[in-house]
Amino acid sequence: MPTWGVSVPPDVLQGEEKPGAPGASSPSSAPTLIVENLTVGYGSAPVVQDVSIRAKPGELTAIVGPNGAGKSTLLKGIAGVLRSTTGSVRIGDDDVTNLVPERIVRRGLSYVPQVANVFPSLSVRENLEMGWYIGHGDGKHRVEEMCEMFPALRDSLHRPARTLSGGQRMMLAFARGLMLKPKVLLLDEPTAGLAPKIVEQVWSHVLEIKASGPAILVVEQNTRRSLRDADWGYVLTNGRNNLEGPGPELLADKDLVRLYIGG
Ligand SMILES: Nc1ncnc2c1ncn2[C@@H]1O[C@H](COP(=O)(O)OP(=O)(O)OP(=O)(O)O)[C@@H](O)[C@H]1O
Ligand SMILES: [Mg+2]
């Protein structure tokens, strides 16, 4: 049973936009994130067209597809970094389509981009506190909880984030994204550029985060790993939905592997 993530405790957020919309308390089988027919691009030309995605609490939902398929663009459209021209994004029953990113964060969605996901000149503690910027109080207890979840961060709390290794930096990015106990966590290529041994550590943290409750939507460079562990996977090609199904079933599809995964 998720310990958190399905609904955000009322002490976490301040201001008028508290999460906990009706959909947030729905049964665990109901999706937390519902993306319908989303079209997103840069300027006039759409990159992602009519894409629909659902992600459930306590589950890992993976998006795979060739380079340039529009995976990162889709995440940016969901997080409000790019405006969509058609379609909708909901968190439970709460329509967050085209809200500015900060408002979407307040409604319970956290987005960890592949690059620029920490503030290099700020200390690890300051980075975590930035993740708490709309929380109640000073957030010290939440920093402590993040250090329990990511022990590697505890000894580095006073170091500038730029001095962390790639794996530590990604763990800090996860922790910062989790500070407000999001209902939905978007991860774009969390293991990119990391040494193989570190990749396994970081990926095991993704699975731990999943077990703790939020709906996780991940784009991962290692397609096999992400489909192996995904409760549900979507194959995106040329900016459109192509196939979907339980991750291991997609991985067992020889044609799909030949066309989109290789090896
Ligand atoms: N800032 C941008 N301005 C204009 N076009 C962009 C921009 N970023 C990406 N694109 C284009 O959008 C398309 C999709 O790019 P996107 O980064 O979403 O793909 P991706 O599936 O994440 O690829 P990868 O697996 O390489 O990360 C590509 O044709 C890319 O050139
Ligand atoms: Mg990408």
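Definitions and limits used
- Residues numbered from 1 in each chain as written.
- Chains lettered and ligands numbered in written order.
- Predicted model: local features only at pLDDT ≥ 70, side-chain atom pairs only at ≥ 80, totals over all residues.
- Heavy atoms only, no water.
- Salt bridge = Lys/Arg side-chain N within 4 Å of Asp/Glu carboxyl O.
- Helix = DSSP H or I, 4+ residues; strand = E, 2+ residues; numbered from the N terminus.
- Buried < 20%, exposed > 50% of the residue type's maximum accessible area, 1.4 Å probe, protein only.
- Pairing = 2+ DSSP bridges.
- Near = heavy atom within 4 Å.
- Polar contact = N/O pair within 3.5 Å; in protein donor to acceptor, adjacent residues only side chain to side chain.
- Areas by Shrake-Rupley, 256 points an atom, 1.4 Å probe, with all protein chains shown as cover.
- Nonpolar A, V, L, I, M, F, W, Y, C, P; charged D, E, K, R; others polar.
- Core = buried A, V, L, I, M, F, W, Y, C linked by side-chain atoms within 4.5 Å.
- Contact = heavy atoms within 4.5 Å.
- Phe/Tyr/Trp six-rings, centres within 6.5 Å; stacked < 30°, edge-to-face > 60°.

Visitor: Give a detailed account of the pattern of salt bridges, specifying residues and quantitative values.
Guide: Counted by the stated rule, this structure contains 11 salt bridges. Close ionic contact of D94 with R107 constitutes a salt bridge, the shortest N to O distance being 2.8 Å. A residue pair is termed long-range when its members are at least 10 positions apart, and D94 in strand 5 (residues 94-95) and R107 in the loop between helix 2 (101-106) and strand 6 (109-112) qualify at 13 residues. D94 sits in the buried class, given a relative accessible area of 14%.

Visitor: Describe the sheet that holds strand 1 (residues 33-42), listing the residues and the values that go with them.
Guide: Taken together, 4 strands build an open sheet; the order of strands is 2-1-4-5 and the sheet is antiparallel. Looking at which strands have only one partner, the edges of the open sheet turn out to be strand 2 (45-55) and strand 5. Across 2 bridges, the pairing between strand 4 (residues 84-91) and strand 5 is antiparallel. Residue pairing for strand 5: I91 is matched across the bridge by D94.

Visitor: I'd like a description of the site of ligand 1, backed by residues and values.
Guide: Near ligand 1, the surroundings consist of Y42, V47, P66, N67, G68, A69, G70, K71, S72, T73 and E189. Within the side chain of K71, an N or O atom sits 2.7 Å from an oxygen atom of ligand 1. Side-chain polar atom of S72 to an oxygen atom of ligand 1: 2.9 Å apart, as the coordinates give it. For ligand 1, the accessible surface in isolation is 630 Å², of which the surrounding protein chains cover 55%. The biggest single contributor to the shell around ligand 1 is helix 1 (residues 71-79), with 3 residues. For the shell around ligand 1, the residue count by class is 4 nonpolar, 5 polar and 2 charged.

Visitor: Explain the nonpolar core to me, and be specific about the residues and the numbers.
Guide: By size, the foremost hydrophobic cluster in this structure holds 37 residues, and its most contacted members are L128, F150, L172, F174, L187, I209 and I216. Looking at this core, the elements with two or more residues in it are strand 3 (60-64), helix 3 (124-130), helix 4 (140-149), helix 5 (166-178), strand 7 (184-188), helix 6 (196-211) and strand 8 (215-219). Apart from the residues within four sequence positions on either side, F174 is in contact with F150, L187, P190, V202, H205, V206 and I209. By size, the runner-up hydrophobic cluster in this structure holds 26 residues, among which are V35, L38, L82 and L109.

Visitor: How would you sum up the packing of aromatic side chains? Please name residues and give values.
Guide: Per the counting criterion, the structure on display carries 1 aromatic pair. Ring centres 6.4 Å apart and planes at 50° place the aromatic pair F150 and F174 in the tilted group. Linking F150 in the loop between helix 4 and helix 5 with F174 in helix 5, this pair joins segments that are 24 residues apart in sequence. Judged by relative accessible area, which is 1%, F150 ranks as buried.

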